[in-house]
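# What the coordinates show
In case you want the letters, here they are:
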Amino acid sequence: MYTFVVGIDADQSRALAQAKTIAEMPLETDAARVILLHSFEEKTKGSTVEQVKPVRLARERLEDAGMTVEAEGYGGDAAQAILNVADDHDADQIVLAGRKRTPTGKVLFGSVTQSVILDTERPVLVCSADEE
């Protein structure tokens, strides 16, 4: 079974782009397992990953494609959560959604995508949402 760990943020278009990219890969969909991960800035009591709309949308798209989908939510640093979950599930690939930032913006605010790419030896696929 080929396992993807997908870092889902609060942006619906990026989540759908990630799901679409995975669903359109040339692989046996019943041999793919997708772990959707949302990292809450602060996980509050009673909050669940299923309440995050981008997670629900990505799940629907991937399940419609015939893939096995699980969702996990964590509190704290998003990059570290993605790396930990990828290790826990021995992921074959990490799938992230990039966002456009200026070089200065990356320096000032950091980048989850950049941190994951630099801190893992697993393949990382970066998707972009369609621009309208």
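Residues numbered from 1 in each chain as written. Predicted model: local features only at pLDDT ≥ 70, side-chain atom pairs only at ≥ 80, totals over all residues. Heavy atoms only, no water.

## Remarks on the sheet that holds strand β2 (residues 32-40)
Either a parallel or an antiparallel arrangement is found when strands of a sheet pair, and the pairing is made through backbone hydrogen bonds. What counts, and what does not: Pairs of strands are assigned from DSSP output, requiring at least two bridges between the strands. Secondary structure follows DSSP: runs of H or I at least 4 residues long count as helices, runs of E at least 2 residues long count as strands, and numbering of each begins at the N terminus. For helices, the fitted axis covers only the stretch in contact; all axes are lines through C-alpha atoms, and the angles between them, taken along N-to-C directions, range from 0 to 180 degrees.
If you trace the five strands from one edge of the open sheet to the other, you get β3-β2-β1-β4-β5, paired in parallel fashion. Each having just a single partner strand, β3 (68-75) and β5 (124-127) make up the two edges of the open sheet. Here the strands of the sheet are splayed against their neighbours by 25° on average, with no regard to which way each runs. One ladder, built from six bridges, connects strand β1 (residues 2-7) with β2; its direction is parallel. By the bridge assignment for β2, V6 is matched with L36.

## Re the packing of helix α1 (residues 12-23) against helix α2 (residues 53-64)
Spelled out, the test is: Any angle from 65 to 115 degrees is called roughly perpendicular, while one under 35 is roughly parallel, one over 145 is roughly antiparallel, and all others are oblique. In this scheme, a crossing is called left-handed if the near helix is turned counterclockwise away from the far one by less than a right angle; it is called right-handed if the turn is clockwise. The contact criterion used throughout is that any non-hydrogen atoms of two residues lie within 4.5 Å.
It is at 9 Å that the axes of α1 and α2 come closest, and there the two elements cross at 20°. If you check the angle between α1 and α2, you find them roughly parallel. In the packing of α1 onto α2, the handedness of the crossing is right-handed. Contacts between α1 and α2 pair Q12, A15, L16, A19, K20, I22 and A23 from the former with K53, P54, L57, A58, R61 and L62 from the latter.

## Considerations on the nonpolar core
Rules: Residues enter a nonpolar core if they are buried and are Ala, Val, Leu, Ile, Met, Phe, Trp, Tyr or Cys, with the set joined through side-chain atoms within 4.5 Å. When accessible area is computed with a 1.4 Å probe and restricted to protein chains, residues below 20% of their type maximum are described as buried, those above 50% as exposed, and intermediate ones as partly exposed.
Membership of the largest hydrophobic core comes to 21 residues, with the highest contact counts inside it found for F4, V6, I8, I22, V34, L36 and L62. In this structure L36 touches V6, I8, V55, A58, R59, L62, V69, E70, A71 and E72, once residues within four positions along its chain are discounted. Ranked by size, the runner-up nonpolar core spans 13 residues in total, among them V5, A79, L83 and I94.

## A word on α2
Just so we agree on the cut-off: One less than the residue count of a helix, multiplied by 1.5 Å, gives the span that helix is expected to have.
Counted at 1.5 Å a residue, the expected span for α2 with its 12 residues is 16 Å, and the 17 Å between its end C-alpha atoms agrees. For α2, the set of buried residues is P54, V55, L57, A58, R59 and L62. Residues of α2 that are buried sit in contact with α1, β2 and β3. Immediately beyond the C-terminal end of α2, within one or two residues, lies G66, with a positive phi of roughly 90°.

## Considerations on the confidence of the model for the protein chain
Condition: pLDDT gives the predictor's per-residue confidence on a scale running from 0 to 100.
For the protein chain, mean pLDDT is 88; residues scoring 70 or higher make up 86% of the total. Looking at the elements of the protein chain, mean pLDDT is at its lowest for helix α4 (residues 103-109), recorded as 56, and at its highest for β1, recorded as 97.

## Some points on the pairing of β1
Where we set the bar: We call a crossover right-handed when, viewed with both strands directed away from the observer, the connection leading from the first strand over the helix to the second proceeds clockwise.
Across the six residues of β1, five count as buried, placing the element largely inside the fold. In the classification by handedness, the crossover that spans β1, the intervening α1 and the parallel β2 is right-handed.

## What about the side chain of E72?
Put simply, the test is: Two residue types count as positive, namely Lys and Arg, and two as negative, namely Asp and Glu; His and chain ends fall outside the count. By definition, a salt bridge exists where a carboxyl oxygen of Asp or Glu is found within 4 Å of a side-chain nitrogen of Lys or Arg.
On the secondary structure map, E72 appears in strand β3. Lacking a salt bridge, the buried E72 has R33 as its closest oppositely charged neighbour, with an N-O distance of 5.8 Å. Ignoring anything within four residues of it in the chain, the contact list for E72 reads I35, L36, L37, H38, V49, V85 and H89.

## As for the environment of Q51
Which entries qualify depends on this criterion: A 3.5 Å cut-off defines polar contacts: any pair of N or O atoms within that distance qualifies, except that in protein one atom must be a possible hydrogen donor and the other a possible acceptor, and neighbouring residues in sequence count only when both atoms are side-chain atoms.
With respect to the helices and strands, the residue Q51 is situated in the loop between β2 and α2. Within the structure, the side chain of Q51 is placed 3.0 Å from the backbone nitrogen of T48, a separation counted as a polar contact.

## Looking at α1
A rise of 1.5 Å per residue sets the reference length of α1, with its 12 residues, at 16 Å; its end C-alpha atoms lie 16 Å apart and thus fit the reference within 8%. Among the residues of α1, those classed as buried are R14, A15, A17, Q18, A19, I22 and A23.

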